[in-house]
Amino acid sequence: MSIEHEQSIESNDDIIVIKDLNKWYGDFHVLKDINLRVKKGERIVICGPSGSGKSTMIRCINRLEEFQRGSLIVNGVEMIEDVKNIEAIRREVGMVFQHFNLFPHLTILENLTLGPIWVQKKPKKEAEATAMKYLERVKIPDQALKFPGQLSGGQQQRVAIARSLCMNPEIMLFDEPTSALDPEMIKEVLDVMVELAEEGMTMLCVTHEMGFAKKVADRVIFMDAGEIVEQNTPEEIFQNPQTDRLQLFLSQILDH
Amino acid sequence: MKEFKPLPAQPAPNDTIGPIHWMKENLFSSPVNTIVTLAIIAFFATVIPPLVDWLFISANWVGNTQSACTNENGACWVFVIAWSKQFFYGSYPVEEIWRVNLCLIGLVAIIIASFKLNKDLRNKIAIPLFLLLPFISILFLDGSWIGLEYVSTDYWGGFTLNVLLAAASIIVAFPLSFLWALGRRSDMPFIRSVSIVLIEFFRGVPVLALFFMGSVMLPLFFPEGTNVDKLVRVWIVLTLFMSGYMAEVFRGGFQAVPKGQYEAADSLGLNFWQKTLLIILPQVIKISMPNILATFVMLFKNTTFLLIIGIFEMLSTTQTALTNSNWLGGHSTEGYLFVAVVFWICCFSMSMISNSIERKLDTSHKN
């Protein structure tokens, strides 16, 4: 089925449509009937206690995790068991990991140009120019020829963000991007993410940074035990939680 | 507000540095340590002077025949010198030896080139040349296909044969073992089982048994009428043996690459082979380098086992020389010592090369 044809089925402007998604690890039911629609340009923050399935859910979106039941449509392409299909979706979705996952044997510049050169078949010169543009955006163009091991955690995470942006994605997924960072470096990464959000990138962000959620999120999703418990605007979520579970969670993360 | 100024760094106290302090600390720190130190010094003092005398001072260096070894208290290096052509080149015709040398120079040149060239040229020129080298060498050494004088493999021999055979096996085994290791990790049951059987067979059977199988059993599998050269069969056996070991070395390397590297490659949309060759392989090689080298050294030394099936590599040439009627009478110490030293020099250089590759590959910049 062609991509154009599928887009005509999804007549609205939802860029991600998740319907009745279920996932098991063996017998363990990690995601239960997840339904989620994300509009183009929407900024979503996903929070919840550890083990609630929030990382697993966003990892399903670029098929780093398989799911057993339900359907998932990303930018008009339905996720099915097909290598070409999965690779097509991954080209549209950028991902930033908790532990950066830069390629340690390549320089920063090579980390950034690898995808454009090998996946998008861009000429090397063009890929390098794009890479330098994004390195300037994350404010570390002077580190281009260094190796990841020579950079601080905050710098590495900014490189990881730039690496995803070089692929020109429609959607950016962030999986706890600041959890492995020293307190002094969290801000420099969040600043880059705020900037990105202000430019209208569609973002799904698993994070415990509630300040970030308040500042940029259009919607906050609270998950627990593999379910979406509550979703609303940041104001409503923080001022007016509807469930006792969310109330408890908020009191625990905000009062320390 | 008060300004924070870090304290200036001070030099280390004087009595904790310098050679005298080092000796006090390491050689004479306690009575037991002092006794051990003195005992070892005494041991070397009694052993080394006579050894040096036998090896060098009283040794016989000049002459062509056994009768030139007049000093009974010294080594007879005349034996080694007189046989050196056989030790290094076997029975290869003297006027054609340049061909063997050319192959060796080619090998060394490619190794040096892969160090000196930048990444692009290395991947595009040095690595393909490396893979072609065994086949080019065979063309040259044999000669009949390229208009040189034909030299049958019966005449190939000596230390250069050990080197070229080991190099040829390593070069072919490298990609093969990587594929086996990949196969062993594959999700596809058929590929996985075939890989496991191959790896475990060639790792589990002693190399000597494999050599006998290669020279006796392997011909049974070739179509009738074809006569595959003994040396080629040995090459195949060595390659497969090496691949079994290397595949396991690579598997360890695969397991040590963090899962996040695979996920990052996946999330960029790289396909399987791009991910494997661009992201995983370089890291696997870096992690496995010490073990890869240990396997190389093992294989290189194992080429001396070929004397069992009558291939004139260096050790069997030495044995032939020792039983030659003109040289009877106990030169075995000199002969075997020479073989040992030559092999040791080569293996030690391989260690040095491996160390420098490790340093070159180390981009972590951690102390």
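Source: prediction; values computed, not measured. (Residues numbered from 1 in each chain as written. Chains lettered and ligands numbered in written order. Predicted model: local features only at pLDDT ≥ 70, side-chain atom pairs only at ≥ 80, totals over all residues. Heavy atoms only, no water.)

To continue, consider the overall build of chain A. When helices and strands are counted, chain A shows 10 helices and 10 strands. Its C-alpha atoms give chain A a radius of gyration of 18 Å, near enough to 18 Å, the size a compact globule of 256 residues would have. Once the C-alpha set of chain A is aligned to its principal axes, its extents read approximately 55 × 50 × 35 Å. A separation threshold of at least 6 residues defines the contact pool for chain A, and within that pool the share at least 24 residues apart is 67%. Working note: accessible area of chain A is about 11500 Å², and carbon and sulfur atoms make up 48% of it. With 29 positive and 40 negative side-chain charges, chain A shows a separation of 4 Å between the mean positions of the two kinds. (Helix = DSSP H or I, 4+ residues; strand = E, 2+ residues; numbered from the N terminus. Rg over C-alpha atoms; globule rule 2.2 N^0.38 Å. Contact = heavy atoms within 4.5 Å. Areas by Shrake-Rupley, 256 points an atom, 1.4 Å probe, with all protein chains shown as cover. Lys, Arg positive; Asp, Glu negative; His and termini not counted. Charge placed at Lys NZ, Arg CZ, Asp CG, Glu CD.)

With that settled, consider the interface of chain B and chain A. Contact residues are listed per partner, giving 22 residues for chain B and 25 residues for chain A. Both sides of the chain B and chain A interface together cover about 2100 Å² of buried area, and 59% of this is carbon and sulfur. Considering only the surface of chain B that becomes buried against chain A, S267, L268 and T363 of chain B emerge as the three largest contributors, covering 28% of it. Between chain B and chain A we count 3 salt bridges in total. Considering every element that reaches the side of chain B that touches chain A, the biggest residue donor is helix α10 (residues 259-267) of chain B, with 8 residues. A breakdown of the residues in the side of chain B that touches chain A according to their chemical character gives 7 nonpolar, 10 polar and 5 charged. (Buried area = accessible area lost by both parts, 1.4 Å probe. Salt bridge = Lys/Arg side-chain N within 4 Å of Asp/Glu carboxyl O. Nonpolar A, V, L, I, M, F, W, Y, C, P; charged D, E, K, R; others polar.)

Further remarks concern the sheet that holds strand β8 (residues 202-206) of chain A. All names here are of chain A. Spatial ordering of the open sheet is given by β6-β7-β8-β3-β9-β10, a layout of 6 strands whose pairing is mixed. Either end of the sheet is taken by a strand with one partner, and the two such strands are β6 (93-96) and β10 (227-232). Strand after strand, the sheet turns through a mean of 20 degrees between neighbouring axes, direction not considered. As paired strands, strand β3 (residues 43-47) and β8 are joined by 4 bridges and run parallel to one another. (Pairing = 2+ DSSP bridges. Axes fitted to C-alpha atoms, helices over the stretch in contact; angles between N-to-C directions.)

Moving on: unusual backbone geometry. Residue and element names in this part refer to chain A. Within the chain, D20 stands out as a residue other than glycine whose phi angle is a positive 45 degrees. By the element assignment, D20 lies in strand β1 (residues 14-25). A positive phi angle is found at R63, which is not glycine, with a value near 60 degrees. Relative to the helices and strands, R63 resides in the loop between α2 (54-61) and β4 (69-74). Residue classification places R63 among the buried residues on the basis of a relative accessible area of 13%. (Buried < 20%, exposed > 50% of the residue type's maximum accessible area, 1.4 Å probe, protein only.)

The next thing to look at is the state of the cysteines. Summed over the entire model, instances satisfying the criterion amount to 1 disulfide over all chains. Linked covalently through their sulfurs, C69 of chain B and C76 of chain B form a disulfide whose S-S length is 1.7 Å. Negative torsions about the S-S bond denote left-handed disulfides, and the value of about 60 degrees found for C69 of chain B with C76 of chain B makes this one right-handed. Like C76 of chain B, C69 of chain B is buried. In this structure C60 of chain A is a free cysteine whose sulfur lies 17 Å from that of C205 of chain A, the closest cysteine sulfur available. What makes C60 of chain A buried here is its relative accessible area of 1%. (Disulfide = S-S within 2.5 Å.)

Time to look at the confidence of the model for chain A. Taken as a whole, chain A shows an average pLDDT of 89; of its residues, 94% reach a score of 70 or greater. When the criterion is pLDDT under 50, residues 1-11 of chain A qualifies, and its contacts beyond four places in sequence or with other chains add up to 12 contacts. (pLDDT = per-residue confidence, 0-100.)

As enumerated under the stated definition, the model contains 21 aromatic pairs over all chains in all. Measuring from centroid to centroid gives 6.2 Å for W61 of chain B and W77 of chain B, while their planes differ by 35 degrees, and the two rings are tilted. Within this pair, whereas W61 of chain B is found in the loop between α2 (31-57) and α3 (77-89), its partner W77 of chain B is found in helix α3, the two being separated by 16 residues in sequence. Judged by its relative accessible area of 44%, W61 of chain B falls in the partly exposed class. Taking 5.4 Å as the distance between ring centres and 90 degrees as the angle between the ring planes, the aromatic pair formed by F178 of chain B and F250 of chain B counts as edge-to-face. Taken together, the residues F178 of chain B in helix α6 (residues 159-185) and F250 of chain B in helix α9 (residues 230-256) connect sequence positions 72 residues apart. The burial state of F178 of chain B is the same as that of F250 of chain B; both residues are buried. Note that R163 of chain A overlies the ring of F103 of chain A, its terminal NZ or CZ placed 4.6 Å from the centroid. Against the face of F238 of chain A rests K214 of chain A, its NZ or CZ located 5.0 Å from the ring centre. (Phe/Tyr/Trp six-rings, centres within 6.5 Å; stacked < 30°, edge-to-face > 60°. Lys NZ or Arg CZ within 6 Å of the ring centre and 35° of its normal.)

All names here are of chain A. The buried fraction of strand β9 (residues 219-224) is high, at 6 of 6 residues. With burial as the criterion, each face of β9 is covered, one bearing R219, I221 and M223 and the other bearing V220, F222 and D224. Where β3 and β9 come together, 4 bridges link them in parallel fashion. Bridge assignment links V45 to a residue of β9, and that residue is V220. Relative to β10, β9 runs antiparallel, the two being bridged by 5 bridges. Bridge pairing in β10 links V220 to N232.

Time to look at the pattern of salt bridges. Across all of its chains, the model carries 21 salt bridges over all chains by this definition. As a salt-bridge pair, K23 of chain A and E65 of chain A come within 3.7 Å of each other at their nearest N and O atoms. With K23 of chain A in strand β1 and E65 of chain A in the loop between α2 and β4, the pair connects residues that are 42 residues apart, well separated along the chain. Across the salt bridge formed by R245 of chain A and D224 of chain A, the nearest N and O atoms sit 2.6 Å from each other. Here R245 of chain A, found in helix α10 (residues 244-254), pairs with D224 of chain A, found in strand β9; they are 21 residues apart in sequence, far enough to count as distant. Classification of R245 of chain A as partly exposed rests on a relative accessible area of 25%. Taking the relative accessible area as the measure of exposure, D224 of chain A reaches 19% and is therefore buried. Sharing partners across several salt bridges, the network here consists of K23, R59 and E65 of chain A together with K259 and E263 of chain B.

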